[in-house]
Structure formats: structure tokens, C-alpha cells
Amino acid sequence: MARGEDPGIVDAILAADERRRSSLGEFESLRAQQKAVSKDVGAAMGAFQQAKAAGGADAGRLEAAAHAARARAAHLSERVKGLESVADEAAAELGDLLRRVGNVIIEGVPAGGEDDYVVLDTVGMPRDFTAEGFAPRDHLELGELLGAIDMERGAKVGGARFYFLTGVGAMLELALLNLAMAQATAAGFTPMITPTLVRPEIIIGAGFMDAHSDEVYHLEADDLYLAGTSEVPLAGYHADEIIDLTAGPRRYAGWSACYRREAGSHGKDTRGIIRVHQFHKVEMFSYCRPEDAEAEHERLLAWEREMLAKVEVPYQIIDTAAGDLGGAAARKFDCEAWVPTQGKYRELTSTSNCTTYQARRLGVRERDPSGSGTRTVATLNGTLGTTRWIVAILENHQQPDGSVRVPAALVPFLGREVLTPIS
RNA sequence: GGAGGCGUCGCAUAGUGGCCUAGUGCGCCCGCCUGCUAAGCGGGUUGAGGAUAACACCUCUCGCGGGUUCAAAUCCCGCCGCCUCCGCCA
């Protein structure tokens, strides 16, 4: 409802489920009969064969009995097939309807669309470049001055929205992502380098083929999809498994290239590396118990804040409105960094609580702690670093001469304190 | 890319169309026995769905999906994965 979806689908689902159950019941009881009769055929055939081998006088009678039983079984078999296809159709119909329903929004998520987010916190102050007496350069101009970004050759090689990170640019990205991996590992995450090509059932299960399907590259010859985030392979990592969460959440830090078609965003963010077809990302991914999910979401957000503090950029945290959530998310917090030359905050991280949505579709379960059987777990994800962070780092830490101060936490990973323009 | 082999319960293995409910061993769980431990004895031990107040019970599940048959772990077709050999190659 909060997403603005049609509530009528619920009635359709209930009706479809009713049809499935009744047709399944009919099929199963007749199937049980058929099995029993069919088993008699086997026994009758065996008796006949034995009598025949022994030259018994009643061989003829037994043969007739066996054939009679077989005829009855054949008749039942026809009817069973009919009922089975009815039951299968009913189940497929229900499945289709269920897949169309987005995740249930968590209480307290702001209603509305893209612009109806609520700012939860603002951290740090944007620099006053007027007071400092110079006009800030944008990240691309800085990147070119520093010999860090080459958009022109990126376009020559890969087309629009492709780029080369060169020299210190390449090193800066590696330093940033290594810092993110180091933080995650220290926090107990298992480091992962993931496949970036995934099978259809994985990307469908992760929920990326509903609202985001235009965003996904598809390799037709192999029927594989290029993941837009390592959330996809990490969600699939435990697919169809029963995992043990008794010792707490399972946390993975995935490092991967990410691919996005950016269809429908023509003309938007065309300058620089804000919005590109390929970038790199360190992603946190957590499997936890459903009742722990909201607390885990807060933890992921806290780790994002820790990482943003390390790169020393001003940012705000927003609680994304219901209508702007993907199909999988029940709640989403974005951290947006201040971009001086745009005079606004731009998304650097995004953490979603997908509750049981992805795990249900991918078959990730745990032993039910309150008794017998299994139950679906919850999954959550959050960003720890991406190529886009370079934008915020360059612009916020630039100096009048075009050089850029390296945040202290990055210095050990980059091996220098200042990036200076190449001659 | 070519040729061949393989995929059975948590693990290992038996099972080439029916004749008990997929047998056996290991592991694990429960119980018994023993002064303790080990051993021994008995029972249990995939998952999904239906049904039920809860049981009982029923259906499906031998990599996955189709097919043949009254009947499929077993036969046929497609796919996925693993192994061996050959070819090609960063």
C-alpha cells in the first residue's frame, strides 16, 4: 500500500491459493489410489510369473487377474495426469502473482516518492570556498589536472559513461576500496571477491528483475546477467541452503566490478564519473534472523558512517520514502556526501533491509530455533566504498592550486599525503 | 571446442523397470546398560507441500527439467555441475 501498489492483488492471491489447494488435494488423493493399484499390478505379475515358471495350473487365471489390474491402473493414470496439470497450472498462477508483490514496508518509513525522503542526520559542515577565496573545481577538472581521470579515452574505448582511472586515480580507488575491505575485515566480515556474471534465477531472486530490469546488462549468448552490485552474487551465495545463524549474523564484504546500463538517465550526470556503466564497490552483506534485521540495519549504517568519517566528507543520511524503494527493500537509508560544485548532497552509500524477501525467493533458510522445521532468514546490504567516492574526496579536499589533501585514514593505503597536479 | 566418465539421505556406498516403506556403514540426536570413559543394545535422523486443534495420514523430492510406461533412482531427450584426456589460448 505504501508503495502505491494495487491492493486488489491480495484478493487475487487468496483466490489463486484456494484454487491451488483444492486442485492439489484432488490430484493427490487420486494419485494415492493409482499408486496402490499399480503396486497390485506388480504383485500380480510376480505371482503369475512364478506360477508359470512352476508350471502351476492356475497360471492362466493369474495372468487374467494381472491384466485386469493393469487395465484399471491405466484408466486411473489418465485421470491423474489431467488433475496434475490442473494443479500445476494453479500453482504457477499463484507463483506469478506472488512474485509481483513488493516487500512489505517497515513501519515508520516515509510515504511518498523520490522527493519525500526524511533527513535523519547531517554530519560535518560544507566548506565555505568563498570565504577561502577561490572557486572550487569540479571532480573532473581536478581529475584531469592530477592525471587521475581520462573520460575522453574512456569514451573512445567503451563509449559514453566509460572512463579510465589513471595513475593516482587508479591508486586512489584501490586505496579507498582496500581501506573499506580492511575496516570490514576488522569488524568480522568475511572478505569476498564475487562473480559479476550471474544466472537468471539468482538476479531474479535478489529482486533486480522487477523495477530495475532496464538497468541490467544481459549477455544473450550465455543467458547471464552482469550484476550491478555484489549484493546479487552474495544473496545467491547461500541460495537453497540451510545456514546456521546461532552464533549471530553471517557477514560478507564483497569486492566487485558493478555494471549498470543507466537506461533512462540520458543527459543526467553526464560529466565525470558520477554516473557510469562500470565502477567498483565494496559491499557489506548480512544474513541474519528476521527479528534481528532492524538492529542489523542500524549496524550497517553505523559502519557506513565510520567509513565516511575516514574520508572526512560532510554528508547527510536520508530515510528513503516507500515509493522510491526497490521491490526487495523494506527500508533503505542513503548517505549522501556534499558535492561543492553541485551545491547538493549526492548518494555515496545505500543500505537496505530486505527482510525475508530475497531469502524467500532464493531459498535461504535456517533451522527454526523455536521448534521443528526451517524458516526464512533476513538479508541486508550496505555500501562501504565505490568509485563515486572519488568525486567527494577530490572536490571536498581540493586546495587553491588544484592539489588535493589525502584524508589521514587513506594515507597508509595510498602512500602519500597530497595529490599534486601533473605538469 | 572435441571425446569419455560421473552426479543416490549430513558423509561414504548398494541399488539396470514392479515383488517391504531406497538397503548398509559412518556421523549426529534420544533412550537403555555400565562406578567413569570406551564399547554394546534399541530407536530416531533430507527437504517442500497438503491435511489436522494437534497428531495420524497423503503427495512430491535419488543434480534440474521434460518424455516413455499401468509402474522410473533405473530407459530416452535437454540443461546444469564435477572428473579425465585432447585441442586452443590470456
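Use the structure listed above.
These remarks concern the structure in this document. (Residues numbered from 1 in each chain as written. Chains lettered and ligands numbered in written order. Predicted model: local features only at pLDDT ≥ 70, side-chain atom pairs only at ≥ 80, totals over all residues. Heavy atoms only, no water.)

1. Observations concerning the protein's contact with RNA strand B
Inference 1: If you check the shell around RNA strand B, you find 23 residues, and the closest are Arg31, Lys39, Arg199, Arg367 and Thr374.
Inference 2: Protein-proximal atoms of RNA strand B, defined as those within 4 Å of the protein, fall in sugar or phosphate at a share of 75%.
Inference 3: Contacts to RNA strand B include Glu28, whose side-chain N or O atom sits 3.0 Å from a base nitrogen.
Inference 4: Thr374 is positioned with one of its side-chain polar atoms (N or O) 2.2 Å from a phosphate oxygen of RNA strand B.
Inference 5: Among the secondary structure elements, those contributing two or more residues to the surface near RNA strand B are helix H1 (8-54), helix H2 (59-99) and strand S13 (365-367). (Near = heavy atom within 4 Å. Polar contact = N/O pair within 3.5 Å; in protein donor to acceptor, adjacent residues only side chain to side chain. Helix = DSSP H or I, 4+ residues; strand = E, 2+ residues; numbered from the N terminus.)

2. A short note on the sheet that holds strand S11 (residues 331-339)
Inference 1: Taken together, the eight strands give an open sheet; going across it, the order is S1-S10-S11-S12-S15-S9-S8-S4, and neighbouring strands pair in mixed fashion. Of all strands in the sheet, those bounded by a partner on one side alone are strand S1 (118-123) and strand S4 (190-193). For this sheet the average axis-to-axis angle between neighbouring strands, irrespective of direction, equals 25°.
Inference 2: Alignment of strand S9 (residues 278-288) against strand S15 (residues 378-386), held across eight bridges, turns out to be antiparallel. When the bridges of S15 are listed, Val282 appears paired with Gly385. (Pairing = 2+ DSSP bridges. Axes fitted to C-alpha atoms, helices over the stretch in contact; angles between N-to-C directions.)

3. So, the side chain of Arg289
Inference 1: With respect to the helices and strands, the residue Arg289 is situated in the loop between S9 and helix H9 (293-311).
Inference 2: In contact with Arg289, other than residues within four places in its own chain, are Leu245, Thr246, Glu366, Pro369, Arg375 and Ala378. (Contact = heavy atoms within 4.5 Å.)

4. Looking at the pairing of strand S10 (residues 315-319)
Inference 1: In terms of burial, S10 is largely enclosed, as five of its five residues are buried.
Inference 2: Here S10 shows two buried faces, one formed by Tyr315, Ile317 and Asp319 and the other by Gln316 and Ile318.
Inference 3: Relative to S10, S1 runs antiparallel, the two being bridged by five bridges. If you follow Val123 over to S10, its bridge partner there is Tyr315.
Inference 4: Where S10 meets S11, five bridges bridge the pair, whose relative direction is antiparallel. By the bridge assignment for S11, Ile318 is matched with Asp334. (Buried < 20%, exposed > 50% of the residue type's maximum accessible area, 1.4 Å probe, protein only.)

5. Topic: the nonpolar core
Inference 1: Ile149, Ile273, Leu394, Leu410 and Leu419 are the most contacted members of the largest nonpolar core, which has 57 residues in total.
Inference 2: What Leu419 contacts, discounting residues up to four positions off in sequence, is Leu146, Val168, Leu172, Leu394, Ser403, Val404, Val406 and Leu414.
Inference 3: Within the second largest apolar cluster, 22 residues are counted, among which are Ile202, Ala206, Ala235 and Leu245. (Core = buried A, V, L, I, M, F, W, Y, C linked by side-chain atoms within 4.5 Å.)

6. Focus on the sheet that holds strand S7 (residues 224-226)
Inference 1: Spatially, S5-S7-S6 is the arrangement adopted by the three strands of the open sheet, whose pairing is antiparallel. Of all strands in the sheet, those with a lone pairing partner are strand S5 (197-198) and strand S6 (217-219), marking the two edges.
Inference 2: Where S6 lies against S7, three bridges are found, and the strand directions are antiparallel. Of the residues in S7, the one forming a bridge with His218 is Tyr225.

7. Notes on the pattern of salt bridges
Inference 1: Counted according to the given criterion, the structure contains 22 salt bridges.
Inference 2: One salt bridge in this structure joins Lys281 and Glu283, with 3.0 Å as the shortest N-O distance. Pair check on accessibility: Lys281 and Glu283 agree, each one buried.
Inference 3: Several salt bridges share partner residues, and in doing so they unite Asp17, Glu18, Arg20 and Arg21 into one network. (Salt bridge = Lys/Arg side-chain N within 4 Å of Asp/Glu carboxyl O.)

8. Side note on the environment of Arg405
Inference 1: For Arg405, the position within the fold is in strand S16 (residues 404-405).
Inference 2: For Arg405, a relative accessible area of 34% translates into the label partly exposed.
Inference 3: In this structure the C-alpha to C-alpha distance between Arg405 and Val418, which are 13 residues apart in sequence, comes to 4.6 Å.
Inference 4: Not counting residues within four places of it along the chain, the set of residues in contact with Arg405 comprises Glu312, His397, Gln399 and Glu417.
Inference 5: Here the side chain of Arg405 touches Glu312 through a polar contact of 3.1 Å, side chain to side chain.

9. Some thoughts on the packing of helix H6 (residues 168-186) against H9
When two helices pack together, their arrangement is given by the angle between the helix axes and the distance between those axes.
Inference 1: Between H6 and H9, the shortest axis-to-axis distance is 11 Å and the interhelical angle comes to 140°. Put simply, H6 runs oblique to H9. Considering the relative orientation of H6 and H9, their crossing is right-handed. Of the residues in H9, those in contact with Leu176, Leu179, Ala180 and Gln183 of H6 are Trp303, Glu306, Met307, Lys310 and Val311.
Inference 2: Taken together, the residues that form the contact of H6 with H9 break down as six nonpolar, one polar and two charged. (Parallel < 35°, antiparallel > 145°, perpendicular 65-115°, else oblique. Left-handed = near helix turned anticlockwise from the far one by under 90°. Nonpolar A, V, L, I, M, F, W, Y, C, P; charged D, E, K, R; others polar.)

10. Overview of the packing of aromatic side chains
Inference 1: With the rule as written, the count across this model stands at six aromatic pairs.
Inference 2: Aromatic pair Tyr252 and Tyr287: ring centres 6.1 Å apart, planes at 90°, arrangement edge-to-face. Linking Tyr252 in strand S8 (residues 250-259) with Tyr287 in strand S9, this pair joins segments that are 35 residues apart in sequence.
Inference 3: On the basis of relative accessibility, which here comes to 6%, the residue Tyr252 falls in the buried class.
Inference 4: When its relative accessible area of 0% is taken as the criterion, Tyr287 is described as buried.
Inference 5: The interplanar angle of 70° and the centroid separation of 5.1 Å between the aromatic rings of Trp338 and Tyr345 together place this pair among those described as edge-to-face. There is no split in this pair, since Trp338 and Tyr345 are both buried. (Phe/Tyr/Trp six-rings, centres within 6.5 Å; stacked < 30°, edge-to-face > 60°.)

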